[in-house]
Amino acid sequence: MPDRTTLPGYETETVTLRIGGEDYRIRMLKDRQQYSDPDGSAERAGISPATWPLFGMLWPAGFALAEEMSRFAIGGKRILEVGCGTGLSSLVLQRRGADITATDHHPLASEFLLHNARLNGLAPIKYQDAQWQGPNPLLGQFDMIVGGDVLYERDHPGLLATFIQCHAKPAACVLIADPGRGYRGQFSTRMLAQGYTRTERAFSSDGVEHESKGRILRFDRVSLPGAPAD
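An account of the accompanying structure is given in this report.

What counts and what doesn't
Residues numbered from 1 in each chain as written. Predicted model: local features only at pLDDT ≥ 70, side-chain atom pairs only at ≥ 80, totals over all residues. Heavy atoms only, no water. Core = buried A, V, L, I, M, F, W, Y, C linked by side-chain atoms within 4.5 Å. Buried < 20%, exposed > 50% of the residue type's maximum accessible area, 1.4 Å probe, protein only. Helix = DSSP H or I, 4+ residues; strand = E, 2+ residues; numbered from the N terminus. Contact = heavy atoms within 4.5 Å. Lys, Arg positive; Asp, Glu negative; His and termini not counted. Salt bridge = Lys/Arg side-chain N within 4 Å of Asp/Glu carboxyl O. Polar contact = N/O pair within 3.5 Å; in protein donor to acceptor, adjacent residues only side chain to side chain. 1 Å grid on protein atoms, 1.4 Å probe; cavity = no way out; pocket = protein on both sides within 12 Å on 5 of 7 lines; lining within 4 Å. Points joined across faces, edges and corners; volume = space filled by probe spheres on them.

## Describing the nonpolar core
Step number 1: Counting 43 residues, the largest nonpolar core has Trp52, Met69 and Leu175 as its most contacted members.
Step number 2: Within the residue set of this core, elements represented by two or more residues are strand S2 (10–19), strand S3 (22–29), helix H2 (60–69), helix H3 (88–95), strand S5 (99–104), helix H4 (109–119), strand S7 (142–148) and strand S8 (168–178).
Step number 3: If you tally residues by element for this core, the top one is H2, at 5 residues.
Step number 4: Ignoring anything within four residues of it in the chain, the contact list for Leu175 reads Leu65, Glu68, Met69, Phe72, Met144, Ile145, Val146, Gly147, Ile216, Leu217 and Arg218.

See the structure below:
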């Protein structure tokens, strides 16, 4: 049974998930009705009451991304997770010894990430609040950028593609676990225009690959378009 905790303004529960043959304890919001923004920080960040709880839930695409991160080759890569939420994929990468930085724009994301790292006996994960619609000069560039279920609003394909353009190295890999909300075609078009190639495969919430709407989208780029060859 999940371990439930009441905190001021909302309720959480701690669940144990099996990822890549290992157990992870994750604190998450009890349900999508949880909402608390007493100091108005979420409102200032442009987060509505309807979308406020989304960061603190576990979604099938997030689970699929974490599974992918449990086996993906990470040696020598500087990795960025966008929209980290509860931080599941970042926790998996941290346990594997990856150079991982987590980002989100929710005021509570860093708190949940730190708490979940402690629950799993891990050192704090590097974190930065990062908005997609503006510059993040302290963030730098990465060999690999990953995200789970991050294309759920109409403007997300353009915003995320522009963000990636700023923070991906000339040679980079981008992995997005997308449940099929209807925006991955627009996102793919923008990524292809940046010089990436795309491959994809299906995923499902039960961890078995079969024909479904869920896809692991992989974008690879060996250099920037128009860059001179070595």
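## Things to note about the side chain of Glu81
Step number 1: Examined against the element boundaries, Glu81 turns out to sit in strand S4 (residues 78–82).
Step number 2: In this structure Glu81 is buried but unpaired, with Arg96 as the nearest side chain of opposite charge at 13 Å.
Step number 3: At a separation of 2.5 Å, a polar atom in the side chain of Glu81 contacts the side chain of Ser90.
Step number 4: Filtering out sequence-adjacent residues up to four positions away, Glu81 remains in contact with Leu65, Ser89, Ser90, Ile100, Thr101, Ala102, Thr103 and Val146.

## Comments concerning H2
Step number 1: Among the 10 residues of H2, 7 are classified as buried, and the element is accordingly described as predominantly covered.
Step number 2: Residues of H2 that are buried include every one of Ala61, Ala64, Leu65, Ala66, Glu67, Glu68 and Met69, and no others.

## Points about the layout of surface pockets
Step number 1: What the largest pocket holds in volume is close to 910 Å³.
Step number 2: As for the largest pocket, its lining consists of 40 residues, of which Gly83, Asp104, Trp132, Tyr152 and His156 are closest to the centre.
Step number 3: Elements represented by at least two residues in the lining of the largest pocket include exactly H2, S4, H3, S5 and helix H5 (156–167).
Step number 4: The dominant element in the lining of the largest pocket, judged by the number of residues it contributes, is H5, at 3 residues.

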